[in-house]
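Structural characterization, general
Residues per chain are reported as follows:
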Amino acid sequence: SRPSPSASPVPSPPPPMVRLVGACRSSRRCDRYSRPCHFPDCRSNAQDGCYLGEYDQGYESSQECKAMCEADVRCTGYEYQPTSVEGPCERHKTPITYVVPATGGFECFVKNASALQL
């Protein structure tokens, strides 16, 4: 008797991203003990003294932003801010560990919730 063909394994869907209200931030802080905070391809924010992390920014829709992040293994999560003039979609490459309050509809979506420091 001939063995029955085995079914190909079906890839499991990625775990759902955690949605947080606020602007995405990395755990590396820009403070008087860790200056300078201008790292290559990274940005700092003097207003809240936080390290913004490394990210790509564009004008994609929320769904496009999500799909691009899910398809990129380097993407740790994304921030979407619909009224941003610099582009509403930020796809982050450094671990997102917390959010800061922000006005204007900021939402932060994190792939690996275990990195969050809430």
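Okay, so let's go over this structure. All values derive from a computational prediction rather than experimental measurement.

What counts, and at which threshold
- Residues numbered from 1 in each chain as written.
- Predicted model: local features only at pLDDT ≥ 70, side-chain atom pairs only at ≥ 80, totals over all residues.
- Heavy atoms only, no water.
- Phe/Tyr/Trp six-rings, centres within 6.5 Å; stacked < 30°, edge-to-face > 60°.
- Helix = DSSP H or I, 4+ residues; strand = E, 2+ residues; numbered from the N terminus.
- Buried < 20%, exposed > 50% of the residue type's maximum accessible area, 1.4 Å probe, protein only.
- Pairing = 2+ DSSP bridges.
- Disulfide = S-S within 2.5 Å.

What about the packing of aromatic side chains?
Given two aromatic rings, one states the distance between the centres and the angle between the planes to describe the pair. The final tally for this structure, using the stated rule, is one aromatic pair. Measuring from centroid to centroid gives 4.6 Å for Tyr-78 and Phe-109, while their planes differ by 15°, and the two rings are stacked. Remark: Phe-109 occurs in strand β9 (residues 107-110) and Tyr-78 occurs in strand β6 (residues 77-80); sequence separation between them is 31 residues. There is no split in this pair, since Tyr-78 and Phe-109 are both buried.

Description of the pairing of β6
Because side chains alternate across β6, one face comprises the buried residues Gly-77 and Glu-79, and the other comprises Tyr-78 and Tyr-80, equally buried. Sheet topology note: the β6/strand β7 (residues 89-92) ladder contains four bridges and is antiparallel. Residue pairing in the sheet places Tyr-80 in a bridge with Cys-89 of β7. Pairing geometry for β6 and β9, over four bridges, is antiparallel.

Notes on the state of the cysteines
Under the counting rule described, the total for this entry stands at three disulfides. Between the sulfur atoms of Cys-24 and its disulfide mate Cys-108 the distance is 2.1 Å. Looking along the S-S bond of the Cys-24-Cys-108 disulfide, the torsion reads about 120°, which is the right-handed sense. Pair noted here: Cys-24 is in strand β2 (residues 23-25) and Cys-108 is in strand β9, with a separation of 84 residues, a long-range link. Looking at Cys-24, the relative accessible area reads 1%, which means it is buried. You can call Cys-108 buried: its relative accessible area is 0%. Covalently, Cys-69 is tied to Cys-75 through a disulfide, its sulfur atoms 2.0 Å apart. Measuring handedness by torsion sign, the sulfur bridge of Cys-69 and Cys-75 sits at about -95° and is left-handed.

Function cannot be read off these values alone, since they describe shape.
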